[in-house]
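Letter by letter, the chains look like this.
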Amino acid sequence: MGLTKTIWTKPSEYLRANEPETPVLFFAPAILQDTARRFIAGFPGLVTYAVKSNPEEAVIENLAAAGVRGFDVASLPEIRMIRRLAPDAALHYNNPVRSRAEIAEAAALGVVSYSVDSASELAKLIALVPAGGTEISVRFKLPVDGAAYNFGAKFGATVETATRLLAQVAAAGFTPSLTFHPGTQCTDPAAWEAYIRAAAAIAAGAGVRIARLNVGGGFPSHRLQGVLPPLEAIFALIDRVTAEAFGTDRPALLCEPGRALVAESMTLATRVKAVRDGVHVFLNDGIYGALAELPLIGGIDRIEVIDAHGRRRTGEGVERIVFGPTCDSMDRLPGLVVLPGDMEEGDHVLFHGLGAYSTATNTRFNGFGELVIATALSLQG
Ligand SMILES: *Cc1c(COP(=O)(O)O)cnc(C)c1O
């Protein structure tokens, strides 16, 4: 993967000039910075970035330039990278399972915020991290729906366990906080309401006034035409429910979005390798590449097709079966994809809103997966 140095006006300009055989991710730094400023202006607390959703250095640098001062990190390589690119930023080491060696190095690198969801992991932190000035956030989970898939299935203590852990965190002299993650692409704001009210009940049950409440990531991105993510409505709900649930004990809030910060800043351009029988379309990228997420959380219909001369195809939409380039029969986009009837071999199919979980999970399976990142002012074909 490599970032090109030239700044292109729009994807079609690059595609016409280069006729790339490999997939290209077009990155618009201005869109990323605008999205970051929208979060910083609208969210009633600290906005941190979940690095895993797109760890490209250009992404980190543009978020820092736009004013993002905190990062949710899950591993030592992520910690080291953020220390290098944004030395003054706060690091929240929120992977609740860590080896002792990882904890020791994180502490040596100055990490002073950790999450925890079990007694055995809390014991490790108590043994290895000095309490004074260090925050430990207890991560809890609820059986609520609303997300495209549920992270609570892996991490998060039950309300009962979280109440016990929070009291232990405070008793050990750490700064006590609570955290949850409602699951990714969470389109139902009611999930945050349930979690925030449960957080207030956990704090009350433990007899602890929490310093901060981390309301996780999960903010939705724009995947379907005509269905805009209700970000400001979610921010307002979080603000209102926190005030209602905590009253005068209101904690400082923080959030750790990945997807909703970065998705809109990248568009993936794939190329049509073959159209067979008018129905089967073979692209040079698929579910083992930058489109890995589509089978997991559903398709994207924000698609444009550009011909080899850089012109937008406008033919009537036809339902197609779309395959990726590998020899695995699983390498198919979910459902039927509506693509212009006049599209041909050599055209480029552009998928908008693909900045999250695209570069990060791209594999080299079957020898494919080479991915160029090109900078563009606008992402419209
Ligand atoms: C992945 C993750 C995030 C970011 O999730 P998005 O859906 O990309 O916003 C935030 N917090 C935690 C704990 C995560 O695991």
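Only a predicted model underlies this, so the values are computations on that prediction, with no experimental measurement involved.

(A) How the structure looks around the packing of aromatic side chains. Inspection of every chain in the model, using the stated rule, returns 14 aromatic pairs. Summarising the aromatic geometry, the rings of Phe-140 and Phe-180 are spaced 5.8 Å apart at their centres and angled 65 degrees between planes, so their arrangement reads as edge-to-face. Remark: Phe-180 occurs in the loop between strand E8 (175–179) and helix H8 (190–206) and Phe-140 occurs in the loop between strand E7 (135–139) and helix H7 (159–171); sequence separation between them is 40 residues. Phe-140 sits in the buried class, given a relative accessible area of 1%. The buried category is assigned to Phe-180, whose relative accessible area is 0%. Aromatic side chains Tyr-288 and Phe-365 sit 4.4 Å apart centroid to centroid with 55 degrees between the ring planes, which places their arrangement in the tilted category. Of this pair, Tyr-288 sits in the loop between strand E12 (280–283) and helix H11 (294–297) while Phe-365 sits in the loop between strand E16 (348–351) and strand E17 (372–376), and the two are 77 residues apart along the sequence. Residue placement shows Arg-98 over the ring face of Tyr-93; its charged tip is 4.7 Å from the ring centre.

(B) Quick look at the environment of Arg-69. Within the secondary structure, Arg-69 is located in the loop between helix H3 (57–66) and strand E4 (70–73). Separated by 20 residues in the primary sequence, Arg-69 and Ala-89 have C-alpha atoms spaced 4.8 Å apart. Other than its neighbours up to four places away in sequence, Arg-69 contacts Val-47, Ala-64, Ala-89 and Ala-90. Engagement of the side chain of Arg-69 in a polar contact is seen with the backbone oxygen of Ala-64, the distance being 3.2 Å.

(C) Representation of the side chain of Arg-313. Take Arg-313: it is sitting in the loop between strand E13 (303–306) and strand E14 (317–323). A distance of 3.2 Å separates the side chain of Arg-313 from the backbone oxygen of Asp-342, its partner in a polar contact. Reaching out from Arg-313, the side chain makes a polar contact with the side chain of Asp-347 at a distance of 2.8 Å. Ignoring anything within four residues of it in the chain, the contact list for Arg-313 reads Val-305, Asp-307, Pro-340, Asp-342, Met-343, Glu-344 and Asp-347.

(D) Quick peek at the site of the ligand. Close contacts around the ligand come from 14 residues, with Lys-52, Thr-184, Glu-256, Arg-259 and Tyr-357 the closest. In the model, a nitrogen atom of the ligand is placed 2.7 Å from a nitrogen or oxygen of the Glu-256 side chain. Within the backbone of Gly-258, an N or O atom sits 2.9 Å from an oxygen atom of the ligand. Bound to the protein, the ligand loses 95% of the 380 Å² it would expose on its own.

(E) Local environment of the domain arrangement of the protein. Entries for the protein in the domain assignment read domain 1 (3–27 + 266–376) and domain 2 (29–262). Placing the centre of domain 1 and that of domain 2 at their C-alpha centroids yields a distance of 33 Å. Taken together, the 20 residues of domain 1 in the interface contact 20 residues of domain 2. Here domain 1 meets domain 2 over a buried area of about 1,800 Å², counting both sides, of which 56% is carbon and sulfur. On the domain 1 side of the contact with domain 2, Phe-27, Ile-297 and Tyr-357 bury the most area, a combined 34% of that side's loss. Between the two partners, domain 1 and domain 2, sit two salt bridges. The closest approach of N and O atoms between Arg-259 and Glu-293, which form a salt bridge, is 2.6 Å. Put simply, domain 1 and domain 2 have eight residue pairs in polar contact (both at pLDDT 80 or more) between them. Secondary-structure elements contributing two or more residues to the side of domain 1 that touches domain 2 are H11 and E17.

(F) Here's a closer look at the side chain of Thr-267. Mapped onto the secondary structure, Thr-267 falls in strand E11 (residues 266–276). Engagement of the side chain of Thr-267 in a polar contact is seen with the side chain of His-352, the distance being 2.8 Å. Among all residues touching Thr-267, those that are not within four sequence positions of it are Val-24, Leu-25, Phe-26, Leu-350, Phe-351, His-352, Gly-353 and Leu-379.

Rules and cut-offs
- Residues numbered from 1 in each chain as written.
- Predicted model: local features only at pLDDT ≥ 70, side-chain atom pairs only at ≥ 80, totals over all residues.
- Heavy atoms only, no water.
- Phe/Tyr/Trp six-rings, centres within 6.5 Å; stacked < 30°, edge-to-face > 60°.
- Helix = DSSP H or I, 4+ residues; strand = E, 2+ residues; numbered from the N terminus.
- Buried < 20%, exposed > 50% of the residue type's maximum accessible area, 1.4 Å probe, protein only.
- Lys NZ or Arg CZ within 6 Å of the ring centre and 35° of its normal.
- Contact = heavy atoms within 4.5 Å.
- Polar contact = N/O pair within 3.5 Å; in protein donor to acceptor, adjacent residues only side chain to side chain.
- Near = heavy atom within 4 Å.
- Areas by Shrake-Rupley, 256 points an atom, 1.4 Å probe, with all protein chains shown as cover.
- Domains from an automatic or database assignment.
- Buried area = accessible area lost by both parts, 1.4 Å probe.
- Salt bridge = Lys/Arg side-chain N within 4 Å of Asp/Glu carboxyl O.

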